[in-house]
Structure formats: structure tokens, C-alpha cells
Amino acid sequence: MTPAQFVEQFGRARVSAILRANDQRKAEQAMSAAIRGGFEIVEFTLTTPGVYELITEFSRREGVIVGAGTVLEVEQARLAVEAGARFLVSPVVDEAVIAAAGALGVAAMPGTHTPTEMLRAHRAGAQLCKLFPAPAGGPSWLRSVLGPLPFLKVVPTNGIDVDNMDQWFAAGAWAGGFVASLFGSDIDAGNWDAIEARARAIVSRVI
């Protein structure tokens, strides 16, 4: 899968499940619940124990595209792609990580919070801009940014939930990443059915 193909597929799926956990077994069960609920694009943050094993395991599942999050170093990028990651996400704009993603043949989605950071990431070769944290104004802020910068593909990963996702998409978001609004406290509680139910609710709202 090329970076362009991933971006196109992400634009069709519209949603990704982003998991940050402190236990590998619970991470596996929680993400499996999200996939049962309909998510096809998933992201494991590198702060999760056993993350490279998880990336490898899930990248072997049919119909699932796996990415790595919180990528801050070039070596982390290399290890994640070797494990099976097809896209790399960072909380910040780091040209070295963006370049590494390009060299490794995968999509880059650095974290951005201002129009200047978004344009900087785009010019550095990033195919997508992660919007993090959520700005005041939310969807209306994004609509204002995309007015003069319509070529950006922006993916909010904070402040988006099942109740406002339609507003974000209407404002021009390429896709949305769901973290707490999908997993909540149910990872620690082991309430996999609740995660699956929320996943189904989110996926059912995709236009």
C-alpha cells in the first residue's frame, strides 16, 4: 500500500481507532473490540507495552490497516514499519520523522495546531495533518483554516466524538481519530462489549 493509497482509503473509511494503553493484553482485547465494531484503520501508540508485537499481530488481520502513534524518533519509525505499520503519527511536526516515513514508503501524519504548522508539515512531505489538541471553535475553526488552505487533509484526533463528528466532516475534516470517546475507561474495566458498541455507533455515522 502506497501512502497515496492509504490516504484515499482513510478518506473513505473516515474514522480510525487510536489506542493508548498500559497493558498489552488489554490493548489487544480493546482494539479487537473496536474492529468487531467496524473500525478498519487502527493506531497503537508507541507508549503501549508490546506495541511492535501488537502492530505485527493486527497488520496480519484481513481488512485492517495498522499505524503507529507517538512516533518521535527515526528509529521508532523504522521499527514500526518493519513491524507492519502503514502510517506514522506524531504529536508534533518533526521533519526528520516525516522524511523517514517517506523513505520507508508509508504515510506521515504529524501533529499540528496552527495553520503555519499545517503548511510546514505539508511542505515537508506529510500527506495528512493531525489536528491536536482540539482548538477553540472546533469545526468552525477548521472550516476557517481550510478556506485559504483547501489542499490540506486534516484529521482531528481530539475533541471529536459520535455526537459532533458530522460537524467536523461538514467543516472539511478528511477523517477523524477516536481515542477516549471510543475506549474511555473501559480498557481498565475490561468492558469490551461497551467498546464494541461505541465503535458500531461511530462507524454507523460515517457518511
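This text follows the structure it describes.
Every value quoted in this text rests on a predicted model; they were computed, and no experiment measured them.

Basis of the calculations
Residues numbered from 1 in each chain as written. Predicted model: local features only at pLDDT ≥ 70, side-chain atom pairs only at ≥ 80, totals over all residues. Heavy atoms only, no water. Buried < 20%, exposed > 50% of the residue type's maximum accessible area, 1.4 Å probe, protein only. Helix = DSSP H or I, 4+ residues; strand = E, 2+ residues; numbered from the N terminus. Arc of directions from axis to C-beta. Contact = heavy atoms within 4.5 Å. Salt bridge = Lys/Arg side-chain N within 4 Å of Asp/Glu carboxyl O. Polar contact = N/O pair within 3.5 Å; in protein donor to acceptor, adjacent residues only side chain to side chain. Axes fitted to C-alpha atoms, helices over the stretch in contact; angles between N-to-C directions. Parallel < 35°, antiparallel > 145°, perpendicular 65-115°, else oblique. Left-handed = near helix turned anticlockwise from the far one by under 90°. Nonpolar A, V, L, I, M, F, W, Y, C, P; charged D, E, K, R; others polar. 1 Å grid on protein atoms, 1.4 Å probe; cavity = no way out; pocket = protein on both sides within 12 Å on 5 of 7 lines; lining within 4 Å. Points joined across faces, edges and corners; volume = space filled by probe spheres on them. Core = buried A, V, L, I, M, F, W, Y, C linked by side-chain atoms within 4.5 Å.

Peer 1: Is there a simple way to think about helix α3 (residues 51-59) in this case?
Peer 2: Since there are 3.6 residues in each turn of an α-helix, residues three or four apart along the chain are aligned in direction. Taken as a whole, α3 has its buried residues at Val-51, Leu-54, Ile-55 and Phe-58. Relative to the axis of α3, the buried residues are bounded by an arc of 100° and lie together on one face. Check the buried side of α3 and you find it contacts α2 (24-36), β2 (41-45), β3 (65-69) and α4 (74-83).

Peer 1: How should the pattern of salt bridges be read in this particular structure?
Peer 2: Two side chains with opposite charge may pair up if their charged atoms get near one another. The tally for this structure, following the rule as stated, stands at ten salt bridges. Arg-120 is the partner of Glu-95 in a salt bridge, and the nearest nitrogen-oxygen pair spans 2.6 Å. Within this pair, whereas Glu-95 is found in helix α5 (residues 95-104), its partner Arg-120 is found in helix α6 (residues 115-123), the two being separated by 25 residues in sequence. Judged by relative accessible area, Glu-95 falls into the partly exposed class, the value being 35%. For Arg-120, a relative accessible area of 40% puts it in the partly exposed group. Where Arg-200 meets Glu-196, a salt bridge forms, and the shortest distance between an N and an O atom there is 2.8 Å. One end of the pair, Arg-200, and the other, Glu-196, are both in helix α11 (residues 192-204), four residues apart, so they sit about a helical turn from each other. A relative accessible area of 45% places Arg-200 in the partly exposed class. We classify Glu-196 as buried; its relative accessible area is 15%. Through salt bridges with shared partners, one network takes in Glu-28, Glu-57 and Arg-61.

Peer 1: Just checking my understanding: could you explain the side chain of Thr-45 for this structure?
Peer 2: Structurally, Thr-45 is set in strand β2. Note on Thr-45: relative accessible area 2%, which makes it buried. Among the polar contacts made by the side chain of Thr-45, one reaches the side chain of Thr-47 at a distance of 3.0 Å. Once residues within four sequence positions are removed from consideration, Thr-45 is found in contact with Ile-18, Leu-19, Arg-20, Val-51, Gly-69 and Thr-70.

Peer 1: What's the story with the packing of α4 against α5 in this structure? I'm lost.
Peer 2: Two quantities define a packed helix pair, namely the angle between the helix axes and the distance between the axes. Running from N to C, α4 and α5 point in directions that differ by 30°, and their axes come no closer than 9 Å. As judged from the angle between their axes, α4 and α5 are roughly parallel. The hand of the α4/α5 crossing is right-handed. Listed contacts from α5 to Val-74, Ala-77, Arg-78 and Val-81 of α4 are Ala-96, Val-97, Ala-100 and Leu-104. For the contact of α4 with α5, a count of residues per class yields seven nonpolar, no polar and one charged.

Peer 1: So what exactly am I meant to see when it comes to the layout of surface pockets here?
Peer 2: Empty pockets left among the atoms are what a rolling probe the size of a water molecule brings to light. In this structure, the largest pocket encloses a volume near 180 Å³. Lining the largest pocket are 14 residues, and of these Ile-18, Arg-20, Lys-130, Phe-132 and Val-179 lie nearest its centre. Those elements giving two or more residues to the lining of the largest pocket turn out to be β1 (15-19) and β2. Per-class residue counts for the lining of the largest pocket are five nonpolar, six polar and three charged.

Peer 1: Help me understand the environment of Ser-144, please; the structure alone is not making it clear to me.
Peer 2: Considering the arrangement of structural elements, one finds Ser-144 in helix α7 (residues 139-146). In the structure, Ser-144 is positioned 28 residues away from Gly-172 in sequence and 9.8 Å away in space, judged by C-alpha atoms.

Peer 1: Sorry, what's going on with the nonpolar core here?
Peer 2: Within soluble globular proteins, side chains that are nonpolar tend to cluster in buried spots. Core analysis: the biggest nonpolar cluster contains 59 residues, and Met-31, Phe-44, Ile-55, Leu-88, Leu-182 and Phe-183 have the highest contact counts within it. Broken down by element, this core gets its largest block of residues, six residues, from α2. Once residues within four sequence positions are removed from consideration, Leu-182 is found in contact with Ala-17, Ala-34, Phe-39, Ile-195, Arg-198, Ala-199 and Ile-202. One finds Ile-65, Val-89, Met-109 and Leu-128 within the second-largest nonpolar core, a separate group that totals 13 residues.

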